[in-house]
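# Examining the three-dimensional arrangement
These are the residues of each chain, in order.
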Amino acid sequence: MTTAPQPLTAPPKPDLDWTREGTPASTKYDDIYFSVDGGLAETKAVFLQGCGLPRAWEEASVFTIGELGFGSGLNFLAAWELWAQTAKSTQQLHFISVEAYPWTADDLQKALAHWPDLHLYTKQLITNWPGPVKGVHRLHFGNIHLTLFHMPIEEALLSMDAKIDAWFLDGFSPSKNPDMWSETVFSGLTKRSKSQAKLATFTVAGHVRRGLEKAGFTPVKMPGYGRKRERLEATFNRESSSIATKNSNQYPPVIIGSGIAGSSLARAFQRRGVSPTLIDPEPDLRSAASGNPRALVMPRLDLQDRPESRFFLSAYLYALQQYKHSQIVCRTGCLHLAKSENEINRFDKLAAQMPLPPSHLQRVSKPQAEKICGLNINQDIGGLYFPQAQTIDPKLLIKTW
């Protein structure tokens, strides 16, 4: 029997408690996000040192870190800072993190303000932050690529296509959040770990050690940080199931058509150090969408929670990230007026479900709509407003990319 589709809503809120001195806490799990003895120092001791960084990435052209529990993003920022200090300009870092209760940008700002030395990295993270939106999101920061899985842990591991060099296990305490430390999760780590991958975590709970051993890791207790007497370091001792692939530079990809799609593909290959061949017999005689004087970038919204529904949201947020702060963007903001009672009912449902946060999606009345666009509107039912939607210049986009 198939289950009925669920509505596409915002992910559950983290329910943060800011009353505890030195760290935010989760009221759901009654646990803190980082040590009151110093969150950044704890990150460096438990995760960076625990995975042998930066020595482990010295000779890697591409290094991949997997994290369970993004939280405030402090572990990512600490890894980013260390990478910036030690890695070569030709190296690439992929940081893949899972968070079922993603924070808002305001909460990130509030928590990370305690570490002004990380301000350069914090500002970039918050500027590009997708917000609490279900699905998979990718952010680029030069040669550092952050992939966020905003979904429960088991769903994320099933969706993940990666081979991990180092794992940061940073969920809440196993006694308070057992779902993050289950045999299913440890089995997921096995399928996505490279041979000799390193793993680090703050907990030394017996069932965690046994679960990691069963999954092919060799855990070792190490001196803990702050009030924790011990922590774990582990090494994955099984062969990786990675598949050998051909050298993309030896067999370069061929892209037919140099419109928006072809240019985007070429740019994505170049970001990975691959130079594609681009074929277009008449690149200056565009009659399709890429030849339009303007193009509208706005989300395609679906009431049901389906893979394609999440994809459209992620694609929209990714496009905004790629276009922002450039001459490609002509205007921002888009007002979508309802044309019928059926459409207004759909708008009301979307506004109630809020698959995008208010910074991206707002239900507006007729007076609000008129104020936004500066025009009289011949209907009384308003519409949806997308404050960050963009009007772009397709020809300039293609030329730039």
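This text follows the structure it describes.
These numbers come from a predicted model, not from an experiment.

## Considerations on the packing of aromatic side chains
For the structure shown, the criterion picks out 21 aromatic pairs. Their ring planes at 90° and their centres at 4.9 Å tell us that Tyr 33 and Trp 103 sit as a pair that is edge-to-face. Taken as a pair, Tyr 33 in the loop between strand S3 (31–32) and helix H1 (39–48) and Trp 103 in the loop between strand S5 (92–98) and helix H3 (105–112) lie far apart in primary sequence, 70 residues in all. Judged by relative accessible area, which is 14%, Tyr 33 ranks as buried. Through successive ring pairs, a cluster of aromatic residues spans Phe 47, Phe 70, Phe 76, Trp 80, Phe 95, Tyr 121, Trp 129, Phe 141 and Phe 168.

## A short note on the environment of Asn 292
Mapped onto the secondary structure, Asn 292 falls in the loop between strand S13 (277–279) and strand S14 (295–297). Assessed through its relative accessible area of 36%, Asn 292 is described here as partly exposed. Separated by 188 residues in the primary sequence, Asn 292 and Thr 104 place their C-alpha atoms 36 Å from one another.

## Let's talk about the side chain of His 140
Of note, His 140 is situated in strand S6 (residues 135–141). In terms of polar contacts, His 140 uses its side chain to reach the side chain of His 145, at 2.9 Å. Those residues within four positions of His 140 in sequence are excluded, and the remaining contacts are His 145, Arg 271, Tyr 318, Gln 321 and Gln 322.

## Notes on H1
An α-helical turn contains 3.6 residues, so a residue and the one three or four places further along point in the same direction. Of all 10 residues making up H1, 8 are buried, and the element is well covered by its neighbours. Residues Gly 39, Leu 40, Glu 42, Thr 43, Ala 45, Val 46, Phe 47 and Leu 48 constitute the buried set of H1. If you follow the buried residues of H1, they end up packed against helix H2 (74–86), strand S8 (164–169), strand S9 (193–201) and strand S11 (230–236).

## Details of a nonpolar patch on the surface
Together, Val 254, Ile 256 and Ile 279 line one region of the surface with nonpolar side chains, adding up to about 320 Å² of accessible area. Residue placement: Ile 256 occurs in strand S12 (residues 254–256).

## Remarks on the packing of helix H6 (residues 183–191) against helix H7 (residues 206–214)
Between H6 and H7, the shortest axis-to-axis distance is 9 Å and the interhelical angle comes to 40°. With respect to each other, H6 and H7 are oriented oblique. For H6 against H7, the interelement crossing comes out right-handed. On H7, the residues touching Glu 183, Phe 186 and Leu 189 of H6 are His 207, Val 208, Gly 211, Leu 212 and Lys 214. Each residue belonging to the contact of H6 with H7 can be placed in one class, and the counts come to 4 nonpolar, 2 polar and 2 charged.

Conventions adopted
- As a convention, each chain's residues are numbered from 1 in the sequence order in which they are written.
- For this predicted model, a pLDDT threshold of at least 70 governs which residues receive local features, and a threshold of 80 or more governs which side-chain atom pairs are given and counted, while totals over whole chains, interfaces and linings are taken from all residues.
- Side-chain numbers come from the whole structure's heavy atoms, not from hydrogens or water.
- When two rings of Phe, Tyr or Trp (its six-membered ring) have centres within 6.5 Å they constitute a pair, described as stacked for plane angles under 30 degrees, edge-to-face for angles over 60, and tilted for the intermediate range.
- Working definition: helices are DSSP H or I runs of at least four residues, strands are E runs of at least two. Numbering for both runs from the N terminus.
- Each residue's exposure class comes from its accessible area (1.4 Å probe, protein chains only) as a fraction of the maximum for that residue type: buried when under 20%, exposed when over 50%, partly exposed otherwise.
- Under the rule applied, a polar contact is a pair of N or O atoms within 3.5 Å (in protein, one hydrogen donor and one hydrogen acceptor; residues adjacent in sequence only if both atoms are side-chain atoms).
- When checking whether two residues touch, look at their non-hydrogen atoms; a contact exists if any pair is within 4.5 Å.
- Like-charged residues within 9 Å of one another, or nonpolar side chains (Val, Leu, Ile, Met, Phe, Trp, Tyr) within 5 Å, are grouped into patches, provided each residue has over 30% relative accessible area and no salt bridge.
- Computed with a 1.4 Å probe, the accessible areas rest on the Shrake-Rupley method; for each residue, only the protein chains presented here act as cover.
- Note on definitions: salt bridges are taken to be side-chain nitrogens of Lys or Arg within 4 Å of carboxyl oxygens of Asp or Glu.
- To obtain an axis, a line is fitted to C-alpha atoms, over the contacting stretch when the element is a helix, and the angle between two such axes runs from 0 to 180 degrees between their N-to-C directions.
- Working rule for angles: under 35 degrees goes down as roughly parallel, over 145 as roughly antiparallel, 65 to 115 as roughly perpendicular, anything else as oblique.
- Here a crossing is taken to be left-handed if its near helix is turned anticlockwise relative to the far helix by less than a right angle, and right-handed if that turn runs clockwise.
- In this classification, Asp, Glu, Lys and Arg are treated as charged, Ala, Val, Leu, Ile, Met, Phe, Trp, Tyr, Cys and Pro as nonpolar, and every other residue, Gly included, as polar.

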